[in-house]
Amino acid sequence: MKHLLKMLDLSKEEIIGILNLADQLKYEQKHGIKHPRLQGKTLGMIFQKSSTRTRVSFEVGMYQLGGSALFLSSHDLQIGRGEPVQDTARVLSRFLDGIMIRTYAQQEVEDLAKYGSIPVINGLTDFCHPCQVLADLMTIREYKGSFDGLKMCYIGDGNNMANSLIVGGLKVGMKVSIACPKDYQPDAQILAFTEDYPGKFQMTDNVLEAAKDADVLLTDVWASMGQEEEKALREKVFDGYQINAEVVAAAKRDVMVLHCLPAHRGEEITADVLEAHADEIFDEAENRLHAQKAVLVKVMGGNQ
Ligand code: CP
Ligand code: NVA
């Protein structure tokens, strides 16, 4: 695996390989077994949007793997003043061993990988959030034991999270349902991808129908980063696209509830459901660290 640009690029075997290594690294960390698999390596982390989990987990992850990480805010980089990504990629490739980037356009991440000569990891774009979904899959497998026969349901905006969850969920063998308003469906490329999984994918604007008998319920904010100006409109459009007690009751009795965070209580999830499922949701947040360390080792660590 050279890069992690989007879930669409990964085979099922690559996804399972990352999850297995993530479980192993988590086990080693919990048992105090040091694992400096990236000794002396440096990751550059370019952030054009805010972050709590992604920034901290990548930085700590690199440290735990024996390497180091540089936080590169677009406010300070020349990229923020218009230096082309093609040039940034070639320059950073001379200094670093890998780049993690959080930005708007997916094309920017693809270009960074194309023009640079070092591994690139997508830390979120408007199109997708593969690191988050790898952590979500890791958490689902941790709680449920396997993906066999599971139904995963996503409620809300057909955004970067929806795009990545649909691909990740279907690739590992789950059924996937999504409830979203008609004008806020996932990307056309993702909907085309689902056609390879007949009978496994359902899309509706009816929340309870999507949630019926689900083993896992997920949601995300109604207005993503970069959509702040649409907030008032989106509050109207997404009214009802919420994980609440009624939606949980429509799912299986032992349903898991996950949220990539940050959460907006009272919007896409109620406070009571979030608190009732806090163990799962914060294990999910912790698993960002383990899943990303596995990705870092896979792309930057040779054959380890
Ligand atoms: N879930 C997630 O990516 O969180 P941050 O925006 O805090 O990195
Ligand atoms: N859809 C959200 C995810 C945040 C982790 C956003 O892009 O802001």
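Look up: the structure comes first, before these words.
Residues numbered from 1 in each chain as written. Chains lettered and ligands numbered in written order. Predicted model: local features only at pLDDT ≥ 70, side-chain atom pairs only at ≥ 80, totals over all residues. Heavy atoms only, no water.

Asks: Account for the nonpolar core, with residues named and values stated.
Replies: Grouped together as the largest cluster of nonpolar side chains are 59 residues, with contacts concentrated most on Ile121, Leu137, Ile140 and Leu296. When sequence neighbours within four positions are dropped, the list of residues in contact with Ile140 reads Gly145, Phe147, Leu150, Met152, Met174, Val216, Met256 and Leu258. Core analysis: the next-biggest nonpolar cluster, separate from the first, contains 25 residues, Ile155, Leu217, Trp222 and Val255 among them. (Core = buried A, V, L, I, M, F, W, Y, C linked by side-chain atoms within 4.5 Å. Buried < 20%, exposed > 50% of the residue type's maximum accessible area, 1.4 Å probe, protein only. Contact = heavy atoms within 4.5 Å.)

Asks: How would you summarise the pattern of salt bridges if you had to cite specific residues and measurements?
Replies: Tallying each qualifying case throughout the model produces 18 salt bridges. The salt bridge involving Lys182 is made with Asp205; its shortest N-O contact spans 2.8 Å. With Lys182 in the loop between β6 (175–179) and α7 (188–194) and Asp205 in the loop between β7 (201–204) and α8 (207–211), the pair connects residues that are 23 residues apart, well separated along the chain. Between Glu235 and Lys231 there is a salt bridge, and its shortest N-O distance comes to 2.7 Å. Taken together, the residues Glu235 and Lys231, both in helix α9 (residues 231–237) and 4 residues apart, mark about one turn of the helix. According to the relative accessible area criterion, Glu235 is partly exposed, its value standing at 33%. Here Lys231 falls in the partly exposed class, since its relative accessible area comes to 36%. (Salt bridge = Lys/Arg side-chain N within 4 Å of Asp/Glu carboxyl O. Helix = DSSP H or I, 4+ residues; strand = E, 2+ residues; numbered from the N terminus.)

Asks: Summarise the site of ligand 1; cite the residues concerned and give the values.
Replies: All residues in the neighbourhood of ligand 1 are listed as Ser51, Thr52, Arg53, Thr54, Arg102, His129, Gln132, Cys260, Leu261 and Arg288. One of the backbone N or O atoms of Leu261 is found 2.9 Å from a nitrogen atom in ligand 1. With the chains in place, 96% of the 260 Å² that ligand 1 exposes on its own is no longer accessible. The residue inventory of the shell around ligand 1, partitioned by class, reads 2 nonpolar, 5 polar and 3 charged. (Near = heavy atom within 4 Å. Polar contact = N/O pair within 3.5 Å; in protein donor to acceptor, adjacent residues only side chain to side chain. Areas by Shrake-Rupley, 256 points an atom, 1.4 Å probe, with all protein chains shown as cover. Nonpolar A, V, L, I, M, F, W, Y, C, P; charged D, E, K, R; others polar.)

Purely spatial values, then, with no claim about function.
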